Amino acid sequence: MHSIISVEEAVAIDSPVFIDVRSPAEYETGHIPGAVNIPLFSDDERVQVGTTYRQVGVEEAKLQGLVLASAKLPDIVGRVQQLRKSGRKVVVYCWRGGMRSRAVVTVLELMGILSSQLSGGYKAYRQFVLNRLRTFEVKPIIIVLCGSTGTGKTLILNQLANANIPVINLEQLANHRGSVFGQIGLGRPATAQIFDTNLLLALDQLNTQPYIVVECESKRIGNVYLPDCLFDAMRRGKKILVSADIEVRVDRLIKEYIHLYKDKDNDEAIVAGLESLRRRLGNKKTECLLADFRAGKVRDVVKVLLVDYYDLMYGYGQSDTAIYDVEVNADDIEQATEVIIQYLQQFGR
């Protein structure tokens, strides 16, 4: 009988080698951090076997899978041998801890390579992550950078990280800027599986710190959601209001996103983003924005979006400043960062 290991046991191992034998598309959707994808089937082959399983039968699907996988086994064994040279324990998983991972572990054992099959596969690991986030106790004080679009919150967050201040860049984890134009130029957003896993890792790593600095976000960032444990901690946490002159904000956004409008491949997405604001801005203003964008008047477009859309939507200009623990002007990012670092010193390190 080959070795079977639970998720809890596997994650407690010191530097295990996780081998993900699912197809590349499955792996890209979500995987155990650090896992190496050595697929037993390609994406197309997985579809073929699945179709045979549903339309013909289990035995026929098993035989088809055997034929497809048999030629790959020597290469799989060779790659695993290279990965285990450091003496680290090998843990193999598929989707539900079924035939794919069992077959690979069996072959590895026949070749004298000790390995374990992950019980329940990636599905069990995904549930493990969700359960941890559901019951996670965020111990550090959460320091939240609040402020209107373009005030430099992300720039400050990066400066703080460079100064070894504990931060979590939620937009970076989501691969989304959290706005109407938030996905343009970034490629595919993070899946919920990848976001949740990486966020849990960050929370685990920083949970002994006295505080963690984050940027103010809504519950949803793109297509992922903040877990209640963090969202509630953000609402209870300390809040820093970051402000900046409107012209500085326009300059900052143009510099940050200059590649988006210079790359004509993004024009369609930018136009679609502007069109999505038609109900809020009205037809006349939307048409003016579209005309200015097509005419290359980017500065005018950015300024109108800030004043007539983002500032009104987030409402920081009209908010009661008494709810903030400190206010920082970020016309000068380095100076603002220093003020925040001085404020953080009261919480210790």
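Further up the page is the structure itself.
Rules used in this analysis
Residues numbered from 1 in each chain as written. Predicted model: local features only at pLDDT ≥ 70, side-chain atom pairs only at ≥ 80, totals over all residues. Heavy atoms only, no water. Pairing = 2+ DSSP bridges. Helix = DSSP H or I, 4+ residues; strand = E, 2+ residues; numbered from the N terminus. Axes fitted to C-alpha atoms, helices over the stretch in contact; angles between N-to-C directions. Patch = residues over 30% accessible without salt bridge, like charges linked within 9 Å, V, L, I, M, F, W, Y side chains within 5 Å. Areas by Shrake-Rupley, 256 points an atom, 1.4 Å probe, with all protein chains shown as cover. Salt bridge = Lys/Arg side-chain N within 4 Å of Asp/Glu carboxyl O. Lys, Arg positive; Asp, Glu negative; His and termini not counted. Charge placed at Lys NZ, Arg CZ, Asp CG, Glu CD. Buried < 20%, exposed > 50% of the residue type's maximum accessible area, 1.4 Å probe, protein only. Expected span 1.5 Å × (residues − 1). Arc of directions from axis to C-beta. Contact = heavy atoms within 4.5 Å. Right-handed = clockwise from strand over helix to strand, strands pointing away.

S.K.: Just give me the short version of the sheet that holds strand β7 (residues 211-215), but keep the residues and values in it.
M.R.: On the basis of which strands lie adjacent, the open sheet formed by 4 strands has the order β7-β6-β10-β11 and parallel pairing. Strands with a single pairing partner mark the edges of an open sheet, and in this sheet they are β7 and β11 (326-329). Between one strand axis and the next, the sheet turns by 25 degrees as a mean value, whatever way the strands run. When strand β6 (residues 141-147) meets strand β10 (residues 238-243), the two strands line up parallel, connected through 5 bridges.

S.K.: Which residues make up a negative patch on the surface, and what values go with them?
M.R.: Taken together, the side chains of D245, D331, D332, E334 and E338 present a region of like negative charge at the surface. Under the relative-accessibility criterion, E334 is labelled exposed at 56%.

S.K.: If you had to explain the sheet that holds strand β5 (residues 115-118) to someone new, which residues and values would you point to?
M.R.: Pairing within the open sheet is parallel, and its 5 strands lie in the order β1-β5-β4-β2-β3. Sheet topology places β1 (3-5) and β3 (36-37) at the edges, where each strand pairs with a single neighbour. Judged from the 3 bridges that link them, β1 and β5 form a sheet pairing that is parallel. Bridge assignment links I4 to a residue of β5, and that residue is Q117.

S.K.: Now, about a nonpolar patch on the surface: what can you tell me, with residues and values included?
M.R.: A cluster of nonpolar residues, L63, L66 and V67, forms a patch on the protein surface that exposes about 310 Å² of accessible area. Mapped onto the elements, V67 comes out in helix α4 (residues 58-70).

S.K.: So what about the pairing of β6? Which residues, and what values?
M.R.: In the case of a regular strand, side chains alternate between the two sheet surfaces. Of all the 7 residues making up β6, 6 are buried; the element is thus mostly covered by neighbouring parts of the structure. The pairing of β6 with β7 spans 5 bridges and is classified as parallel. Each residue of the ladder has a partner; that of I142, found in β7, is I212.

S.K.: Describe unusual backbone geometry, naming the residues involved and giving the relevant values.
M.R.: For N164, which is not glycine, the phi dihedral falls at a positive 65 degrees. Exposure remark for N164: the relative accessible area of 60% places this residue in the exposed category. Phi at N175 is positive, roughly 50 degrees, even though this residue is not glycine.

S.K.: I'd like a rundown of helix α6 (residues 99-110), residues and numbers included.
M.R.: Look at α6: 16 Å from first C-alpha to last across 12 residues, which is about the 16 Å you get at 1.5 Å a residue. Those residues of α6 that fall on the buried side of the exposure criterion are R100, S101, V104, V105 and L108. Summarising the axial view, the buried residues of α6 lie within an arc of 125 degrees, below the 170-degree limit, and thus occupy one face. Contact partners of the buried residues in α6: α2 (24-29), α3 (43-55), α5 (73-83), β4 (90-93) and β5. G112, located one to two residues past α6, shows a positive phi value of around 80 degrees.

S.K.: Break down the environment of V328 for me, with residues and values.
M.R.: Note on placement: V328 falls in strand β11. Classification of V328 as buried rests on a relative accessible area of 4%. For the pair formed by V328 and G65, sequence separation is 263 residues and the distance between their alpha carbons is 61 Å. Residues in contact with V328, not counting those within four places in the same chain, are I240, L241, V242, S243, A336, V339 and I340.

S.K.: Go over the pairing of strand β2 (residues 17-20), please, and point to the residues and values.
M.R.: Residues V17 and I19 line one face of β2 and the alternating positions F18 and D20 line the opposite face, and both faces are buried. Inspection of the sheet shows β2 paired to β4 by 4 bridges, in the parallel sense. Bridging across to β4, F18 finds its partner in V91. Inspection of the sheet shows β2 paired to β3 by 2 bridges, in the parallel sense. Of the residues in β3, the one forming a bridge with I19 is V36. After leaving β2, the chain enters α2 and then returns to the sheet as β3, a path that is right-handed.

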